[in-house]
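Given next are the chains, with one letter for each unit.
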Amino acid sequence: DQQVKQNSPSLSVQEGRISILNCDYTNSMFDYFLWYKKYPAEGPTFLISISSIKDKNEDGRFTVFLNKSAKHLSLHIVPSQPGDSAVYFCAASDSGSGTYKYIFGTGTRLKVLA
Amino acid sequence: DAGITQSPRHKVTETGTPVTLRCHQTENHRYMYWYRQDPGHGLRLIHYSYGVKDTDKGEVSDGYSVSRSKTEDFLLTLESATSSQTSVYFCAISDLKAGSYNEQFFGPGTRLTVL
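A brief structural summary. (Residues numbered from 1 in each chain as written. Chains lettered and ligands numbered in written order. Predicted model: local features only at pLDDT ≥ 70, side-chain atom pairs only at ≥ 80, totals over all residues. Heavy atoms only, no water.)

Turning to the layout of surface pockets, a few remarks are in order. The computed volume of the largest pocket comes to approximately 690 Å³. Contributions of two or more residues to the lining of the largest pocket are made by strand 9 (86–93) and strand 11 (108–113) of chain A together with strand 4 (31–38), strand 9 (87–94) and strand 11 (110–114) of chain B. Its residues placed into classes, the lining of the largest pocket shows 13 nonpolar, 13 polar and seven charged. (1 Å grid on protein atoms, 1.4 Å probe; cavity = no way out; pocket = protein on both sides within 12 Å on 5 of 7 lines; lining within 4 Å. Points joined across faces, edges and corners; volume = space filled by probe spheres on them. Helix = DSSP H or I, 4+ residues; strand = E, 2+ residues; numbered from the N terminus. Nonpolar A, V, L, I, M, F, W, Y, C, P; charged D, E, K, R; others polar.)

Evaluation of the coordinates by the stated rule reveals six salt bridges over all chains. Note that Asp84 of chain A and Arg61 of chain A form a salt bridge whose closest N and O atoms lie 2.8 Å from each other. With Asp84 of chain A in the loop between strand 8 (72–77) and strand 9 and Arg61 of chain A in the loop between strand 6 (56–59) and strand 7 (62–67), this pair connects stretches of sequence that are 23 residues apart. Here the residues in one salt-bridge network are Arg22, Lys70 and Asp73 of chain B, joined through shared partners. (Salt bridge = Lys/Arg side-chain N within 4 Å of Asp/Glu carboxyl O.)

With that settled, consider the side chain of Ser87 of chain B. Residue and element names in this part refer to chain B. Within the secondary structure layout, Ser87 lies in strand 9. Here the side chain of Ser87 touches Asp38 through a polar contact of 2.8 Å, side chain to side chain. Residues within four places of Ser87 in sequence aside, it is in contact with Arg36, Gln37, Asp38, Thr110, Arg111 and Leu112. (Polar contact = N/O pair within 3.5 Å; in protein donor to acceptor, adjacent residues only side chain to side chain. Contact = heavy atoms within 4.5 Å.)

All names here are of chain B. The four strands are arranged 1-3-8-7 in an open sheet whose pairing can be described as antiparallel. Only two strands of the sheet have a single neighbouring strand rather than two, namely strand 1 (4–7) and strand 7 (64–70). Neighbour to neighbour, the strand axes of the sheet diverge by 20° on average, direction disregarded. Bridging between strand 7 and strand 8 (residues 73–78) involves five bridges; their strand directions are antiparallel. Bridge pairing in strand 8 places Lys70 opposite Asp73. (Pairing = 2+ DSSP bridges. Axes fitted to C-alpha atoms, helices over the stretch in contact; angles between N-to-C directions.)

Opposite the 21 residues of chain A that make contact, chain B presents 24 residues. With both sides pooled, the region where chain A packs onto chain B buries about 1,800 Å², and carbon together with sulfur makes up 62% of that total. Among the residues of chain A in contact with chain B, Tyr100, Lys101 and Phe104 of chain A are the three that bury the most area, contributing 30% of the side total. Inspection of the region where chain A meets chain B yields zero salt bridges. (Buried area = accessible area lost by both parts, 1.4 Å probe.)

Let us look at the environment of Ile18 of chain A. Residue and element names in this part refer to chain A. Secondary-structure assignment places Ile18 in the loop between strand 2 (10–14) and strand 3 (19–25). Ile18 sits 66 residues away from Asp84 along the chain, and the two C-alpha atoms are 11 Å apart. Once residues within four sequence positions are removed from consideration, Ile18 is found in contact with Val13, His76, Ile77, Val78 and Ser80.

Here the focus is the packing of aromatic side chains. All chains considered together, the criterion is met by 13 aromatic pairs over all chains. Ring geometry for Tyr25 of chain A versus Phe33 of chain A: centroids 4.8 Å apart, planes at 45°, classification tilted. Grouping residues by exposure puts Tyr25 of chain A and Phe33 of chain A together as buried. Seen in terms of ring centroids, Phe104 of chain A and Tyr35 of chain B are 5.3 Å apart; in terms of plane orientation they differ by 80°. Their pairing is edge-to-face. Here Tyr35 of chain B lies in strand 4 and Phe104 of chain A lies in strand 10 (residues 103–104), a pairing that spans two chains. Residue Phe104 of chain A shares its accessibility class with Tyr35 of chain B, and that shared class is buried. (Phe/Tyr/Trp six-rings, centres within 6.5 Å; stacked < 30°, edge-to-face > 60°. Buried < 20%, exposed > 50% of the residue type's maximum accessible area, 1.4 Å probe, protein only.)

A few words now on the state of the cysteines. Here a disulfide denotes a covalent bond joining the sulfur atom of one cysteine to the sulfur atom of another. Under the counting rule described, the total for this entry stands at two disulfides over all chains. A sulfur-sulfur separation of 1.9 Å characterises the disulfide bridge that pairs Cys23 of chain A with Cys90 of chain A. Residues Cys23 of chain A and Cys90 of chain A are joined through a disulfide that is right-handed, its torsion about the S-S bond being 70°. With Cys23 of chain A in strand 3 and Cys90 of chain A in strand 9, this residue pair connects regions lying 67 residues apart in the sequence. Summarising the burial analysis for this pair, Cys23 of chain A and Cys90 of chain A share the class buried. Note that Cys23 of chain B is cross-linked by a disulfide to Cys91 of chain B, the S-S spacing being 1.9 Å. One disulfide, between Cys23 of chain B and Cys91 of chain B, carries an S-S torsion of -70° and so falls in the left-handed class. Residue Cys23 of chain B is located in strand 3 (residues 19–25), and its partner Cys91 of chain B is located in strand 9; the two are separated by 68 residues in the primary sequence. (Disulfide = S-S within 2.5 Å.)

Following this line, the structure appears as structure tokens:
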């Protein structure tokens, strides 16, 4: 049972436009969420985080939105650049479990077209 | 980049042989994790450690064992490798800090092929 889902395996966006990557989760106990970017042949790189006490967190061109009632989060990249082409993973954790484990989604491959 | 190295970076082995992958960190982080990445499955947790000699299973632990005898090293052993364990393996580290979400920092990965 996939607790964290990224239903779009791939996404293509024109350079300069907005990229929106989506993530859904099923466990209502999840309260910490992370986004990672992964280039081929490299390890994932931490991008941005959000906790359930917020509904938005911004870092430069990257903004993450959290809708707790819908159990949905999204990553917005504005403006998109060719260097943003990568696989993006969302991850969720239940801080109350004391295990400090994250469950990862299956990833969305973003391609930014020049 | 966080000081995380993995060795070897690439390995080809035969079915039935034991394999050990090493993760080494220089960050003195308490938590260490082993994941495998497979198409269509994303990153799945194999085992993790919350301190020296303290380890626990993740969601895909069958066929794998781990050991952590010192803070900086976390070893993943495939007791008897099978073709289904062909994958890319990532080590990650994290530490609890005030205001932190326990973000994990990943190593470069080990590509393992079991023939």
